[in-house]
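Chain by chain, the residues:
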Amino acid sequence: MISLKINDISVTVPNGTTILDAAGEAGIFIPVLCKHPDLPPFRTIELSEFVFQGNKKFENDPGATMEDVKGCGICIVEVDGLENPVPSCQTPVEDGMVINTETLKIKKKRQENLSVKLTDHPHACLTCAQREGCIPMTGDCPGNVISDERCCPLLGNCELQRIVEYVGLSPETSRYQFKDLPRITDDPFFIRDYNLCIACGRCVRVCQAVKGVNAMGAVIYEGMFTVGTVNGPLLDNAECKYCGSCIEACPTGALRDKDKPRLKTEKEVVPCKYGCPGEVDIHLYVRLIEAGRYEEAGEVISLKLPIPSVLGKVCFHPCESECRRGDLSENLCGREEPISIRQLKDFIMDCVDHKHSDTAVLETGKKIAVIGSGPAGLTASYFLELKGHEVIVFEKENEIGGMLKYGIPRFRLPEKTLEKDIDNILRSGVRIMTGTEFGKDITFESLKNNGFDAVFIAAGLSKNKKLPVEIEESLTVFDGLTFLHKASEGSFSEDYFSSSEIVIIGGGNAAVDAARTAIRLNRGKVSIVSLEKREEMPAYKWETKEADEEGILILNEWGIKSIEDNSGRKRITLIKCVSVYDQNGNFSPEYDENQTDIIDCDSIVICIGQDADLSFLKDHSSLIHNGTIRVNNETLETDMKGVFAGGDIVSGPASVIEAVAAGRKAASGIDRYVGGDGVIDKDYTFDIPADQEIGREEGFSHLERKTCEIEPAEDRKKDFRAVEITYPEETAREEAHRCLKCDLRTYLQSNPDPPEKYIEFLMKKIENVPEEAGVIQLLSEVKEITVIKGSENIRSLLIEMLESGKEAEYFIYELDPMFTKRESELIQQHLQKHGSMPEGDDDLDDLF
């Protein structure tokens, strides 16, 4: 261990520690630019043979090495016994060292070194009196700075700006001269503006040493350290993997995100996770699959989703719409190919057994009733059981699952997949009472009388919408829910629809499911009649594509004028639909009465949507709003104390994953209601992998999406076998490998921000202020500025104010020989930010 003093503070650190790190251990701030906590030293950069800035190629000077390049010189400090300052980032500590980091000599030298960097970087905005609220690069500049000499959109959120404000700008700093260097906007995701580069090399180091991609390189060209892309002008030429780490490391706007100057929140950086209603750490389980860590990948999914196997089959994967790999593929290859997130979930849940937590839970003594065993009800009951509550689910059907059981055909959701998830939920301790109808067998009152503390209504949508045409009573016409329910139960005899013609009316997923079910029961002709144009159909595009493959005829832009008997068959008169929605996007179909057609068929199934059956609320009509139950959006509690509701019965028709999200929210709200903390998620049992190295790989950005195989149409439509074939292991890992690993940039650290420059307004502090020209600001206890004043001798001014009894808690100062000008600028800044001068001060004239 080495003992030394830094700013009169005794410090003990291991041998080999740099002065910079030793100061950090003691809580002493030293400004840096080249240095970054996750990057190796500046001189470790491996120089390239050549790099590109746009189309301009820069070759390395013959024999040039990194030893020919000076660092930024911002982190210099004084060491007793040494004539010249030393770079704290490179200098190792020695026993007995006495170091000073903030002497006047050091401050001036840092300003000089910084001015060298700023000569090649726009800086007019950094000292502009009106920079508060300014949007650089846009509109007219109140300071009349021409556009090319302004700062970038990072102003106000820029590391270099914070360093300039801390170190100060030397009055001798030269005016920036625009060099018209390449500003590259053709790359996906990122902007590269070499006019803003300060040659710190952080982008090169993170790409070389941390990521191992080597897309960014550096040369010494005509004696100057120069960065750029290797192989060619674009990131794609350089085999970039678009991880965004160079953006994270850059201290200026030279490298920045296109979406906004700097992505900051996890939601911005990892959009797939926040596109998932179930809040699953998608990026994490995809990375674990690539690494072959399947049990852990399954844990990531199962901890958030009680029905993960089901969702592997039927989730409509909104996360994939947010996946940045899809944007990259579209930009570079002209095809939108996001990561196959749902199919990877299906792979992992097919090869691992997810189990409920074995952690012993303290029973709370609270009883919760859940109405309905669909995805919302199962989800809420699972999480509430794990919180220690006694949960009983009441299901009116004879089997568990709600629409998962009776509304989704087995060729999309195999029976064994649904049973796997239900068995896991039952193992957690949840009890389910089937054949029990709410409003008939049980009521709010009976539940209350039996000691239930809260009720969650998740009964879904069980009523079919009616077709607005008259249908003769003698005609047998199925509604969609009844048809799918009977098919699920096996109620139709083998020859019930034998070789008949069936017409499905509707354009949504239920209609396509019914049509695909019908062709498996029928083996005859099946048609779908839809109001919408093909591209407007609410059904998922992959579903209609598979329906086409199975020989189902889809008739678009037709409405139903009448349904009549035709000698034992059924005759449908069609009318041309010219528009489905009005100008405001509301459902309001219009028809052309002159365009009609006729279809004769044997069976009709009407699938035009579902409504909630709210008959059980006939004595509580205040809970109903527009055909659904009204709830508090944050807790899902209704106006009836202790009664919660969620899923389709609240939202209207939605997806399985959205129902799961509602169940999660309800579980949290109910847990808080009965006295819990509302935290339903548990920590992972493993360490999250955060290895930053991703390696260089030729053609990575052009890797094609791995599609799942599906059963041939002619074979699959003969029965209810699963249409989609789960990924084999090798394919799953190859698909997971396509992930851009957007989240890894969030693990990169940042340099510490400069400390606040507020100094206590005490004589012992004032005595350290130089006797030079500048501007002082006095601040109140809450750091509100009360005085701004310039002087030829700021120490004397501060002493005078202190001795005169001036009320202040803090002060800050800037050295500036042109103090009257700087005083005016600071006053203008204050006025622009606050709109007026501070009140309650007798010396407000000092501010002017």
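Our subject is the structure listed above.
Residues numbered from 1 in each chain as written. Predicted model: local features only at pLDDT ≥ 70, side-chain atom pairs only at ≥ 80, totals over all residues. Heavy atoms only, no water.

### Here's the deal with the side chain of His121
With respect to the secondary-structure elements, His121 resides in the loop between α2 (104–119) and α3 (159–167). Exposure remark for His121: the relative accessible area of 5% places this residue in the buried category. Aside from chain neighbours lying at most four places away, what touches His121 is Leu160, Tyr176, Asn195, Leu196, Ile198 and Thr252. (Helix = DSSP H or I, 4+ residues; strand = E, 2+ residues; numbered from the N terminus. Buried < 20%, exposed > 50% of the residue type's maximum accessible area, 1.4 Å probe, protein only. Contact = heavy atoms within 4.5 Å.)

### Remarks on unusual backbone geometry
A negative phi angle is the norm for most residues apart from glycine, just as the trans form is the norm for most peptide bonds. Even without a glycine there, the phi angle at Glu222 is positive, about 50 degrees. Residue Leu636 is not a glycine yet carries a positive backbone phi of 70 degrees. Note that Leu636 resides in the loop between β28 (628–629) and β29 (643–645).

### Details of the sheet that holds strand β8 (residues 183–184)
Read from one edge of the open sheet, three strands run β8-β9-β12, paired in antiparallel fashion. At either end of the open sheet lies a strand with only one pairing partner, and these are β8 and β12 (255–257). When β8 meets strand β9 (residues 190–193), the two strands line up antiparallel, connected through two bridges. Bridge assignment links Arg183 to a residue of β9, and that residue is Asp193. (Pairing = 2+ DSSP bridges.)

### Quick word on the pattern of salt bridges
Taken as a whole and judged by the stated rule, the model has 53 salt bridges. We note a salt bridge from Glu546 to Arg516, for which the minimum N-O separation is 3.0 Å. Placement of the pair is Glu546 in helix α20 (residues 541–549) and Arg516 in helix α19 (residues 509–522), with a sequence separation of 30 residues. Taking the relative accessible area as the measure of exposure, Glu546 reaches 16% and is therefore buried. Each of Arg412, Asp513, Arg516, Arg520, Glu543, Lys545, Glu546, Glu549, Glu550 and Arg716 takes part in a single network of salt bridges with overlapping partners. (Salt bridge = Lys/Arg side-chain N within 4 Å of Asp/Glu carboxyl O.)

### Examining the environment of Asn751
Note on placement: Asn751 falls in the loop between α24 (729–737) and β30 (759–760). Separated by 64 residues in the primary sequence, Asn751 and Leu815 have C-alpha atoms spaced 26 Å apart. From its side chain, Asn751 meets the backbone oxygen of Lys35 in a polar contact 2.8 Å long. A polar atom in the side chain of Asn751 sits 3.0 Å from the side chain of Glu159. (Polar contact = N/O pair within 3.5 Å; in protein donor to acceptor, adjacent residues only side chain to side chain.)

### Regarding the pairing of strand β11 (residues 224–229)
Looking along a regular strand, one sees side chains alternate from face to face of the sheet. Counting buried residues in β11 gives five out of six residues, a clear majority hidden from the surface. Both strand β10 (residues 216–221) and β11 contribute to a ladder of six bridges, which runs antiparallel. Its bridge partner being in β11, Ala218 is matched across the sheet by Val227.

### Some details on helix α12 (residues 324–333)
What α12 keeps buried is the set Arg324, Arg325, Gly326, Leu328 and Ser329. Packing partners of the buried residues in α12 comprise β9, α6 (266–269), α7 (271–274) and α11 (318–322). Following α12 by one or two positions, Gly334 adopts a phi angle in the positive range, close to 75 degrees.

### Points about the packing of helix α9 (residues 294–302) against helix α13 (residues 341–351)
It is at 9 Å that the axes of α9 and α13 come closest, and there the two elements cross at 115 degrees. As summarised for this structure, α9 and α13 are arranged roughly perpendicular, according to the angle between their axes. Between α9 and α13 lies a crossing of left-handed hand. For the pair α9 and α13, the contacting residues are Tyr294, Ala297, Gly298, Ile301 and Ser302 in the first and Lys345, Phe347, Ile348, Met349 and Cys351 in the second. Its residues placed into classes, the contact of α9 with α13 shows seven nonpolar, two polar and one charged. (Axes fitted to C-alpha atoms, helices over the stretch in contact; angles between N-to-C directions. Parallel < 35°, antiparallel > 145°, perpendicular 65-115°, else oblique. Left-handed = near helix turned anticlockwise from the far one by under 90°. Nonpolar A, V, L, I, M, F, W, Y, C, P; charged D, E, K, R; others polar.)

### Observations concerning the pairing of strand β20 (residues 525–530)
Where burial is concerned, most of β20 is hidden: five out of the six residues are buried. Alignment of strand β19 (residues 501–505) against β20, held across five bridges, turns out to be parallel. Note on β20: the bridge partner recorded for Ile504 is Ile528. Crossover connection from β19 via α19 to parallel β20: handedness right-handed. With four bridges joining them, β20 and strand β21 (residues 553–556) adopt parallel strand pairing. Note that in β21 the partner of Ser530 across the bridge is Asn556. The parallel pair β20 and β21, bridged by α20, forms a crossover whose chirality is right-handed. (Right-handed = clockwise from strand over helix to strand, strands pointing away.)

### Details of the side chain of Arg202
Among the secondary structure elements, Arg202 is positioned in helix α4 (residues 202–210). Polar contacts involving the side chain of Arg202 include one to the main-chain carbonyl oxygen of Leu33, which spans 2.7 Å. Those residues within four positions of Arg202 in sequence are excluded, and the remaining contacts are Leu33, Cys34, Lys35, His36, Leu39, Glu159, Ala249, Cys250, Pro251 and Asn751.

### Let's talk about the packing of α2 against α3
At a closest axis distance of 10 Å, the pairing of α2 and α3 adopts a crossing angle of 145 degrees. Read as a crossing pair, α2 and α3 show a hand that is left-handed. Between α2 and α3, the contacting residues are Arg110, Gln111, Leu114 and Leu118 on the first element and Leu160, Ile163, Val164 and Val167 on the second. Per-class residue counts for the contact of α2 with α3 are six nonpolar, one polar and one charged.

### Observations regarding the environment of Gly609
Inspection of the secondary structure assignment puts Gly609 in the loop between β25 (603–606) and β26 (610–611). Between the C-alpha atoms of Gly609 and Lys57, which are 552 residues apart in sequence, the distance is 62 Å. Leave out the neighbours within four places in its chain, and Gly609 touches Lys463, Asn464 and Lys465.

### Thoughts on a negative patch on the surface
Taken together, the side chains of Asp259, Glu322, Asp327, Glu330 and Glu336 present a region of like negative charge at the surface. Mapped onto the secondary structure, Asp327 falls in helix α12. Look at Asp327 and you get partly exposed, because its relative accessible area is 36%. (Patch = residues over 30% accessible without salt bridge, like charges linked within 9 Å, V, L, I, M, F, W, Y side chains within 5 Å. Areas by Shrake-Rupley, 256 points an atom, 1.4 Å probe, with all protein chains shown as cover. Lys, Arg positive; Asp, Glu negative; His and termini not counted. Charge placed at Lys NZ, Arg CZ, Asp CG, Glu CD.)

### Some details on the packing of aromatic side chains
Here the structure, examined in full by the defined rule, presents 23 aromatic pairs. Ring centres of Phe50 and Phe52 lie 5.8 Å apart, and the angle between their planes is 90 degrees; on these two criteria the pair is classed as edge-to-face. When its relative accessible area of 24% is taken as the criterion, Phe50 is described as partly exposed. A relative accessible area of 12% means that Phe52 is categorised as buried. Three or more aromatic residues joined by ring pairs form one cluster here, namely Phe189, Phe190 and Tyr242. In this structure, Arg324 is placed above the aromatic ring of Phe189, and the distance from its NZ or CZ to the ring centre is 4.2 Å. The ring centre of Trp558 lies 4.6 Å from the NZ or CZ of Lys576, which sits over that ring. (Phe/Tyr/Trp six-rings, centres within 6.5 Å; stacked < 30°, edge-to-face > 60°. Lys NZ or Arg CZ within 6 Å of the ring centre and 35° of its normal.)

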